[in-house]
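Chain and residue survey
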Amino acid sequence: MHKKPLIELINVTKSYDGETVVDNLNLTIYENEFVTLLGPSGCGKTTTLRMIGGFVQPDEGKIVINGKVFNDLPPYARPIHTVFQRYALFPHLNVIGNVAFGLANRNHEYLLKFFGEEKVNLTFNDMFGKDQKKSASKLNKVFDKLIEQAAKDALALVKLSGYEKRKIDQISGGQQQRVALARALVNKPQILLLDEPLAALDLKLRQAMQYELKEMQLKLGITFIFVTHDQEEAMTMSDRIVVMKDGLIQQLGTPKSIYNEPVNRYVANFIGETNIIPGTYVKKDVVHFLGTDFKCMGYTFNDGEAVDVVIRPEDFDVVDLEKAKIKGTVTFSLFKGVHNELDVDVNGVKLMVNTYETYEVGESIGLTVDPYEIHMMKVEDV
Amino acid sequence: MNKVFKALAVPYQIWLYILVFIPLLAMVGIAISNYDSSVLLNQINVDLSHWSILFQSQNVIAFRNSVVFAVLTTIICAVLGYFTAYYIFQSKFKNKFIILTIVILPMWSNLILRVDALNNVFSKNNIISSIFGFSPFGNITGTGLAILIGLVFTYLPFMILPVYTALEKIDYALQEAALDLGLTPFKKFWKVIFPLSLKGVVTGSIMVFLPTLAGFAIPKILGKGNFLFIGNVIENKLLSSTIFYNHGSLLAVVILVFILGSILLLTRFDKEGETLL
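Scope of this entry: the structure provided in the associated data block. (Residues numbered from 1 in each chain as written. Chains lettered and ligands numbered in written order. Predicted model: local features only at pLDDT ≥ 70, side-chain atom pairs only at ≥ 80, totals over all residues. Heavy atoms only, no water.)

**Description of the overall build of chain A**
For chain A, the count of helices and strands is ten helices and 20 strands. Relative to its length of 382 residues, chain A is extended, with a C-alpha radius of gyration of 26 Å against a globular reference of 21 Å. If one aligns the C-alpha atoms of chain A with their principal axes, the spans along those axes are about 90 × 45 × 40 Å. Looking at chain A alone, contacts between residues at least 24 apart form 65% of all its contacts between residues at least 6 apart. By element, 49% of the accessible surface of chain A is carried by carbon and sulfur atoms, the whole surface being about 18,800 Å². In chain A, 44 positive and 51 negative side-chain charges are present, and the distance between their average locations comes to 11 Å. (Helix = DSSP H or I, 4+ residues; strand = E, 2+ residues; numbered from the N terminus. Rg over C-alpha atoms; globule rule 2.2 N^0.38 Å. Contact = heavy atoms within 4.5 Å. Areas by Shrake-Rupley, 256 points an atom, 1.4 Å probe, with all protein chains shown as cover. Lys, Arg positive; Asp, Glu negative; His and termini not counted. Charge placed at Lys NZ, Arg CZ, Asp CG, Glu CD.)

Right under this line is the structure:
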């Protein structure tokens, strides 16, 4: 599938008071993509988002949108809208006033283009008859009606029909979040920026909103750029995830590839729980760790090179002791509903293992790993 | 702990009853009586005959002067104060507190002293002309303009502070949201910042309007007797050889009604207590 680049960040650098927040960042985002910038606070993800939104100017590098350099364009001239972290709804306006705010403050020229001449003419004829002169005051009324309809449609999209006249402080956090979403979506942006919009919601609501956001993105065909520090959130929604640390991109890829094949310890640790075990790459398709040779596949290192082996807790298989490649003792067991989390001690190395069976602390168990579940990374100098 | 605080609040409660509520009731009572310094205490009766003073042309003019100057002062203070507050709010200056201190600095010296100094500057032979040989404001003392300048000069800080507080309370994200939604900086001001700071303007307006309405020192010093304000009428009633307590009380009650009306307005707009700044 040939994808069209929508946003290109080229060598973008930004520092505050001599401290580099975003360091020589290169990133291409395609049309209709859901991209998540993931990382702990202070990793530069929000700054990157704000540079795309136009609230912060990069010190160096170019921000290209639709093939045009956007560096110095103010926010109001960009085809981009933002859902802010704490929503930033206008307290002096009611729900529909907030949603209609963007369109209500545009000029006629913009609105004519936005709604399309045909639709404007149709509405005009509907309201005033065919041969009336299009005076500014009559056009105002036409646009008011169109804007109100658009705002109502946007509210329906976020399932808030009937809340039009409510005040902002009379609706819940989850509803405010939807209003903020509607306020951005009503403008039909090409790109929607979301700055940790779910952070303030409780777990249930957050999970529900994750699915809804993803659904909306697929339905509307808008490019979503989402910022979060929650790896689960990133996994659920994204087409691609950008893992960032200290202003640098650590890894860029699909949720699956980032989860299964982290490029370094940082990414492996950040994306969920994992076992990182020191080992040696013996020769092609053989790796040695925990005192045993394992079959592996798909990795090429120098023979005899030290590597870090990454195995997710759920990738271990618990087997009978005589069939096991590794034997260990259960030191800790926690029931998590669907599965049990075990800590297994293998000759002094602690492994996290997830299994559906229940094992008692002190029990000996045998473990094995399939070759394709073994991932390897270069050892980093720390 | 609560008990201690409660006990500590008792002295002020007593103070409030003795020196505020009771006199206030007494004032209303005297306003509907025949009490003046020639009347013995046992001769006091309910009497409304003096209410005719409300319609004496001199007093009507005094009321009109007070209201007109109070309204003008409030409007001028609102415009000047808003721009000053907005400028401080927008400035990148690190310690905005220092600028605000400078704003209220004149209030650290005595009001009468300040107004008298202004009077000197506005007179024909003033300190500026004796130093520089000429003065741009010379010889306006005794005019309405002099009073107006004096009032604005005195009460402007009462406008700047609440407006500034209201501006500071506006979440910066709202400004970003406005820009994000396609507003130019000019429109952003009128559609977001101004409506959200209006509360401060209302609070400030009431804080300027009240003392201007009831005041008598500034018009007396800068007006040179050319302008009679209602405060001056009350003062005269209490300084004449027969002290007309009932007249003074009545006029004060009328001012009180104005004030209560304003406070009603205030409670409608000022829910977060900016007036207590």
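**As for unusual backbone geometry**
Phi is positive for A:Asn24, which is not a glycine, with a value near 50°. Its place among the elements puts A:Asn24 in strand β2 (residues 19-30).

**Quick word on the environment of A:Gln210**
Mapped onto the elements of the fold, A:Gln210 is located in helix α7 (residues 203-220). Residues within four places of A:Gln210 in sequence aside, it is in contact with A:Leu198, A:Glu233, A:Thr236 and A:Met237.

**A few points about helix α3 (residues 96-104) of chain B**
Residue and element names in this part refer to chain B. Within the span of α3, buried status applies to Lys96, Leu100 and Val103. Viewed end-on, α3 has its buried residues packed into an arc of 50°, placing them on one side of the element. Projecting away from the buried face of α3 at angles above 90 degrees are the exposed residues Phe97 and Ile102. Residues of α3 that are buried sit in contact with α2 (57-90) and α6 (144-168). (Buried < 20%, exposed > 50% of the residue type's maximum accessible area, 1.4 Å probe, protein only. Arc of directions from axis to C-beta.)

**Topic: the interface of chain B and chain A**
Across the boundary between the two partners, chain B contributes 18 residues, which contact 20 residues of chain A. Note on chain B versus chain A: buried area summed over both sides is about 1,700 Å², and carbon and sulfur give 65% of it. Broken down residue by residue, the surface that chain B buries against chain A is led by B:Glu176, B:Asp180 and B:Leu181, which jointly contribute 39%. Inspection of the chain B/chain A interface yields one salt bridge. A salt bridge links B:Glu176 to A:Arg50; its shortest N-O distance comes to 2.6 Å. At the junction of chain B with chain A, the criterion picks out six residue pairs in polar contact (both at pLDDT 80 or more). Secondary-structure elements contributing two or more residues to the side of chain B that touches chain A are α7 (172-180) and α8 (185-214) of chain B. The leading source of residues in the side of chain B that touches chain A is α7(B), at seven residues. Residues belonging to the side of chain B that touches chain A are distributed by class as follows: eleven nonpolar, two polar and five charged. (Buried area = accessible area lost by both parts, 1.4 Å probe. Salt bridge = Lys/Arg side-chain N within 4 Å of Asp/Glu carboxyl O. Polar contact = N/O pair within 3.5 Å; in protein donor to acceptor, adjacent residues only side chain to side chain. Nonpolar A, V, L, I, M, F, W, Y, C, P; charged D, E, K, R; others polar.)

**Structural notes on the packing of aromatic side chains**
Residues and elements named next belong to chain B. The full count for this structure, using the stated rule, is 24 aromatic pairs over all chains. Their ring planes at 15° and their centres at 6.4 Å tell us that Tyr82 and Tyr86 sit as a pair that is stacked. Residue Tyr82 and its partner Tyr86 are both found in helix α2; the two are separated by four residues, about one turn of the helix. Tyr86 carries the same exposure label as Tyr82, and that label is buried. (Phe/Tyr/Trp six-rings, centres within 6.5 Å; stacked < 30°, edge-to-face > 60°.)

**Regarding the side chain of A:Thr292**
All names here are of chain A. Following the sequence through the fold, Thr292 ends up in strand β13 (residues 292-295). Side-chain polar atoms of Thr292 contact the backbone oxygen of Lys325, separated by 3.5 Å. Among all residues touching Thr292, those that are not within four sequence positions of it are Val287 and Lys325.

**Observations regarding the sheet that holds strand β5 (residues 68-69) of chain A**
Residue and element names in this part refer to chain A. Overall, antiparallel pairing links the four strands, which are arranged β2-β1-β4-β5 in an open sheet. The outermost strands of the open sheet, each flanked by one partner alone, are β2 and β5. Sheet topology note: the strand β1 (residues 5-16)/strand β4 (residues 60-65) ladder contains five bridges and is antiparallel. Across the sheet, Ile10 pairs through a bridge with Lys62, a residue of β4. (Pairing = 2+ DSSP bridges.)

Distances and angles like these do not, on their own, reveal function.
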